[in-house]
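# Structural overview for review
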Amino acid sequence: MAALTAPLDIDQLHTFIAIVDTGSFTKAADRVFKTQSAVSMQMRRLEERLGKQLFAKDGRGNRLTAEGEKLMHYARRIIRLNNEAVAAFDDNRLEGTLRIGTPDDYADRYMPEIIGRFAKTHPNVELYIVCEPSISLAEKMARGELDIALVTHNPRTRVSDIVRTEPLCWVTSANHPLRDDAPVPLAVGRRDCHWRQLACSALDADGRDYQVLFTSWSSTVIAAAVLAGMAVSVLPESTLRTGMRVLTSADGFPPLPPVQIGLMKRPGLSPSLINAITDHITACLDNITLSPLPEELDSRVKMLPGMQKLKSTYVAPGW
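Reference entry: report on the structure contained in this document.

Parameters at a glance
- Residues numbered from 1 in each chain as written.
- Predicted model: local features only at pLDDT ≥ 70, side-chain atom pairs only at ≥ 80, totals over all residues.
- Heavy atoms only, no water.
- 1 Å grid on protein atoms, 1.4 Å probe; cavity = no way out; pocket = protein on both sides within 12 Å on 5 of 7 lines; lining within 4 Å.
- Points joined across faces, edges and corners; volume = space filled by probe spheres on them.
- Helix = DSSP H or I, 4+ residues; strand = E, 2+ residues; numbered from the N terminus.
- Nonpolar A, V, L, I, M, F, W, Y, C, P; charged D, E, K, R; others polar.
- Axes fitted to C-alpha atoms, helices over the stretch in contact; angles between N-to-C directions.
- Parallel < 35°, antiparallel > 145°, perpendicular 65-115°, else oblique.
- Left-handed = near helix turned anticlockwise from the far one by under 90°.
- Contact = heavy atoms within 4.5 Å.
- Salt bridge = Lys/Arg side-chain N within 4 Å of Asp/Glu carboxyl O.
- Buried < 20%, exposed > 50% of the residue type's maximum accessible area, 1.4 Å probe, protein only.
- Arc of directions from axis to C-beta.

As a further point, take the layout of surface pockets. Space inside the second largest pocket adds up to approximately 470 Å³. In this structure, the second largest pocket is lined by 30 residues; those nearest its centre are Asp105, Pro133, Cys193, Trp195 and Trp217. Of all the elements in the fold, those that place two or more residues in the lining of the second largest pocket are helix H5 (104–121), helix H6 (134–142), strand S8 (184–188), helix H7 (194–206), helix H8 (219–227) and strand S10 (233–236). Per-element accounting of the lining of the second largest pocket gives the leading share, four residues, to H7. Each residue belonging to the lining of the second largest pocket can be placed in one class, and the counts come to 13 nonpolar, eleven polar and six charged.

Structural data, given as structure tokens:
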């Protein structure tokens, strides 16, 4: 085994992160422009270098071991610092304008860190950001009006690369009682909102009466209705706010399928530019740290297939 003081290989760490992000050795090979056998060889050498097993067989695929999870945090930090160092001495830095689309709830939660990281490493790139619903962003992507879009993944209506998977939660006000003798008052997006469709379908299947009281594309409006104790809504775990309470089957609410966040990219966009912003987005989404979920919901979440780096949450810090 190599001496533990020997430095880690940056190229191996890039490949390791590609496997984590894509979920497979085959897809990672395409991303890093290597053969699958070369990717496998790199991972064997990385495991030999650390003296730890990083991946374990999971059916036909592979999953991270506890040691692999530990390395993932360090690998992202090492690669990020390496990229920042290289950018600081690069006389041919990326320049131009990058048009990014995101729903406003994702913008509130994710964009501050993404923008901060990207601006630090690529100060000569202007970011033009559009906040609209996922369905509108997909239409703009189709018309070539955006370069990249962070959207709710919905394979029935649009194609996107999944960059995060997390629970979709029923939420109400933590400071106002919810009546159980009346139809569920809902605050949701418009009729073509994917989360609204999931919520209504779950209530219909459960035979529970409900009434849509508030309809808006604005996450601020939806959150205000919930926090005021006027309605119940559905939100991804990472967008929960202080003052919200998660509702589970103990409260009479059926389980919801997980929500997936997807990334859409314009064909023909500069590979250097797209890789730069994609790296920052995936690193930001992976580094979200939240508080524990209620025990019942937490146990159900950990059983969801394909869940990416399970980080259970109940209430996010105030922001």
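Running from N to C, helix H1 (residues 10–22) and helix H3 (residues 36–50) point in directions that differ by 110°, and their axes come no closer than 10 Å. Here H3 runs roughly perpendicular to H1, going by the angle between their axes. Once H1 is placed against H3, the crossing between them reads as left-handed. In this structure, H1 contributes Asp11, Gln12, Leu13, Thr15, Phe16 and Ile19 to the contact, and H3 contributes Val39, Gln42, Met43, Arg45 and Leu46.

Quick look at the pattern of salt bridges now. Going through the model one piece at a time under the given rule, you end up with 14 salt bridges. Close ionic contact of Arg266 with Asp147 constitutes a salt bridge, the shortest N to O distance being 2.8 Å. A residue pair is termed long-range when its members are at least 10 positions apart, and Arg266 in the loop between strand S12 (259–265) and helix H9 (271–286) and Asp147 in the loop between H6 and strand S5 (148–152) qualify at 119 residues. On the basis of relative accessible area, Asp147 is assigned to the buried category, the value being 3%.

Before going further, it helps to examine helix H2 (residues 25–32). Along H2, the residues classified as buried are Phe25, Ala28, Ala29 and Val32. Viewed along the axis of H2, the buried residues span an arc of 105°, placing them on a single side of the element. Across from the buried face of H2, at angles greater than 90 degrees, the exposed residues are Lys27 and Asp30. Tucked into the core, H2 has its buried residues touching H1, H3, strand S1 (55–58) and strand S2 (61–64). Downstream of H2 by a residue or two, Phe33 has a phi angle that is positive, lying close to 60°.

Fair warning: the whole summary comes from geometry, so function is off the table for now.
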